[in-house]
Amino acid sequence: MDFGIIAVRYAKALLKSTSDPKEEARVYADMQTLLKCYIDTPELHQAIGNPMIAKESKLLLLQTACGTGHSVLTDRFIQMVLDKGREEIMQLIASSYITLYRQQKNLVRAKLTTAAPVSTETADKMRRMVESKTNGTVEFQTEINPELIGGFILEYDTYRMDASVKSKLQAILTQLKK
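Throughout what follows, the structure given in this document is the object of discussion. These numbers were taken from a predicted model, which means no experiment stands behind them.

### Topic: the packing of helix α3 (residues 42–49) against helix α4 (residues 55–65)
It is at 10 Å that the axes of α3 and α4 come closest, and there the two elements cross at 150°. Classified by the angle their axes make, α3 and α4 are roughly antiparallel. By crossing handedness, the relation of α3 to α4 is classed as left-handed. Where α3 approaches α4, its residues L44, A47, I48 and G49 are matched on the opposing element by K58, L61, L62 and A65. Across the contact of α3 with α4, the residue classes tally to six nonpolar, one polar and one charged.

Written as structure tokens, this is what we have:
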């Protein structure tokens with residue numbers, strides 16, 4: 001059985017069941033929170049896949065993993081997944097939903113990693129640059145990594161621009177070893 005195809009079908013059904021943009025955004029946030037919980041807490045996957053744990057307990061676990069203030073639609077969807085006995089693929093469903101939602105809304109994730117904090121003007125300028133290149137709305141994230149020494153790394157879609165001092169020093173070191 002191909003669980004990836006099944007997960008995509010469930011994710012598409014969830015995506016089609018939301019017509020209100022605010023509700024869509026809430027379900028999207030719920031699925032992001034749920035996926036993050038799966039990634040941060042491997043025991044969640046084990047508990048949800050455990051046949052000895054009652055469905056009611058699994059429902060509470062998944063609702064809690066979606067965070068506080070989650071959508072009623074998310075609750076109903078989780079209940080339906082449990083009723084159909086597909087709880088083991090809930091992580092795949094959440095991941096598929098996020099991907100489909102981003103495609104439908106033309107959302108692009110971008111991350112700017114710098115050695116030191118950058119001003120909001122600089123971050124906004126980089127976000128606008130990514131928006132102009134992708135013709136989409138950008139979910140922009142900044143991260144600080146002192147190991148870069150200086151410069152930055154900009155990542156979006158499959159694009160990666162590494163203008164960090166660390167990578168330049170490594171390139172020089174590689175050339176010296178030849």
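On we go.
### Brief notes about the environment of S17
Looking at the element boundaries, S17 is found in the loop between α1 (3–16) and α2 (21–40). Judged by relative accessible area, which is 41%, S17 ranks as partly exposed. Put simply, S17 and T41 are 24 residues apart on the chain and 29 Å apart in space, counted from C-alpha to C-alpha. Within the structure, the side chain of S17 is placed 2.7 Å from the backbone oxygen of L14, a separation counted as a polar contact.

### Notes on unusual backbone geometry
Phi at N106 is positive, roughly 55°, even though this residue is not glycine. Here N106 is to be found in the loop between α6 (90–105) and β1 (107–114). One non-glycine residue, I149, adopts positive backbone phi at about 70°. Within the fold, I149 resides in the loop between β2 (137–144) and β3 (152–156).

### Focus: the pairing of strand β4 (residues 159–162)
Looking at chain direction, β3 and β4 are connected through four bridges and run antiparallel. Within β4, the residue paired with E155 across the bridge is R160. If you look at the hairpin formed by β3 and β4, you'll find two residues sitting between the two strands, and D157 has a positive phi there, around 45°.

### Brief notes about the sheet that holds β2
The strand order across the open sheet built from four strands is β2-β1-β3-β4, with neighbouring strands paired in mixed fashion. Two strands close off the open sheet at either side, each with one partner strand: β2 and β4. Each strand axis lies, on average, 10° off the axis of its neighbour in the sheet, ignoring direction. Bridge analysis of β1 against β3 gives five bridges, and the strand direction is antiparallel. Along β3, the bridge assignment pairs K111 with E155. Across the face of the sheet, helix α7 (residues 120–134) comes into contact with β1, β2 and β3 while running at roughly 140° to β2.

### Remarks on the side chain of E87
Within the secondary structure, E87 is located in the loop between α5 (72–83) and α6. The class of E87 is buried, set by a relative accessible area of 8%. Among the polar contacts made by the side chain of E87, one reaches the side chain of K55 at a distance of 3.2 Å. In contact with E87, other than residues within four places in its own chain, are Y38, I48, K55, K58, V81 and L82.

Reading the values: rules and limits
Residues numbered from 1 in each chain as written. Predicted model: local features only at pLDDT ≥ 70, side-chain atom pairs only at ≥ 80, totals over all residues. Heavy atoms only, no water. Axes fitted to C-alpha atoms, helices over the stretch in contact; angles between N-to-C directions. Helix = DSSP H or I, 4+ residues; strand = E, 2+ residues; numbered from the N terminus. Parallel < 35°, antiparallel > 145°, perpendicular 65-115°, else oblique. Left-handed = near helix turned anticlockwise from the far one by under 90°. Contact = heavy atoms within 4.5 Å. Nonpolar A, V, L, I, M, F, W, Y, C, P; charged D, E, K, R; others polar. Buried < 20%, exposed > 50% of the residue type's maximum accessible area, 1.4 Å probe, protein only. Polar contact = N/O pair within 3.5 Å; in protein donor to acceptor, adjacent residues only side chain to side chain. Pairing = 2+ DSSP bridges.

Limitation: the analysis is restricted to geometry and does not speak to function.
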